[in-house]
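# Tertiary structure, described
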Amino acid sequence: MKKIILISILCLFASIGNAQNTSIDGRLKPLLEDFFKQCDNYGIAYHEKLFKLKKIAVVEDLKTSPNGSILGMLQRDKDGVVENIVVNWVAMLDTEILKVVAFHEFGHYFLEYSEHTCNDCGTIMARVNSSYFIIANDWDNQLKILFKQSPAYKNKLNTVVSTAY
Ligand SMILES: [Zn+2]
């Protein structure tokens, strides 16, 4: 436990901000970069959305309990506008869980998933996941599902179709 706390503190100092004043936690940055690569592949814009955020961070104040922890969430201001994407530090205990949780939250925000695809069906946008390892072992396919089924991608396709006429 002490070791985990120490690592958390060390990582906190490694957190970095970018020029647009959106603070991006160093521990989530590689995952965010991977996610943006996929956005590029699917032609989904993300820069403007990114700059509207205050921070993307690993935090220690989300509910954590043996009966169920909130592993990640979008935090909104009083008008309901998303300010922060946060991930519970507990998710960092396993790199695969961290990856799935981070992509889930990025999906809510950047891919415009306002709802979950199901309660627990072994996909990234499920409300809960009883096995993160099923998803992690099927990652490339899971990414395809995440992006192709997303509201942002479907909207983009509709726009392309309607301008073609
Ligand atoms: Zn969710």
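Residues numbered from 1 in each chain as written. Predicted model: local features only at pLDDT ≥ 70, side-chain atom pairs only at ≥ 80, totals over all residues.

### Comments concerning the pairing of strand S3 (residues 55-59)
- Of the strand pairs in this sheet, strand S2 (residues 23-24) and S3 are connected by two bridges, and their pairing is parallel. When the bridges of S3 are listed, isoleucine 24 appears paired with isoleucine 56.
- Summarising the sheet, S3 and strand S5 (residues 82-88) pair through five bridges and their orientation is parallel. Note that in S5 the partner of lysine 55 across the bridge is asparagine 84. (Pairing = 2+ DSSP bridges. Helix = DSSP H or I, 4+ residues; strand = E, 2+ residues; numbered from the N terminus.)

### Some thoughts on helix H4 (residues 95-110)
- Across its 16 residues, H4 extends 21 Å between first and last C-alpha, which sits within 8% of the 22 Å expected from 1.5 Å per residue.
- Buried within H4 we find Ile97, Leu98, Lys99, Val100, Val101, Ala102, Phe103, His104, Glu105, Phe106, Gly107 and Phe110.
- Count one or two residues on from H4 and you reach glutamate 112, which has phi positive near 65°. (Expected span 1.5 Å × (residues − 1). Buried ≥ 20, exposed ≤ 12 C-beta atoms within 10 Å, placed from the backbone.)

### Observations regarding the confidence of the model for the protein
- Taken as a whole, the protein shows an average pLDDT of 89; of its residues, 86% reach a score of 70 or greater.
- Low pLDDT, under 50, characterises residues 14-19; the stretch is placed with nine contacts to residues that sit more than four places away or in other chains. (pLDDT = per-residue confidence, 0-100. Contact = placed C-beta atoms within 7 Å.)

### Notes on the packing of helix H2 (residues 29-42) against H4
- With their axes 10 Å apart at the nearest point, H2 and H4 run at an angle of 50° to one another. Taken as axis vectors, H2 and H4 run oblique relative to one another. Two packed elements cross with a definite hand, and for H2 against H4 that hand is right-handed. Contacts from Leu31, Leu32, Phe35 and Cys39 in H2 reach Lys99, Ala102, Phe103, Phe106 and Phe110 in H4.
- For the contact of H2 with H4, a count of residues per class yields eight nonpolar, no polar and one charged. (Axes fitted to C-alpha atoms, helices over the stretch in contact; angles between N-to-C directions. Parallel < 35°, antiparallel > 145°, perpendicular 65-115°, else oblique. Left-handed = near helix turned anticlockwise from the far one by under 90°. Nonpolar A, V, L, I, M, F, W, Y, C, P; charged D, E, K, R; others polar.)

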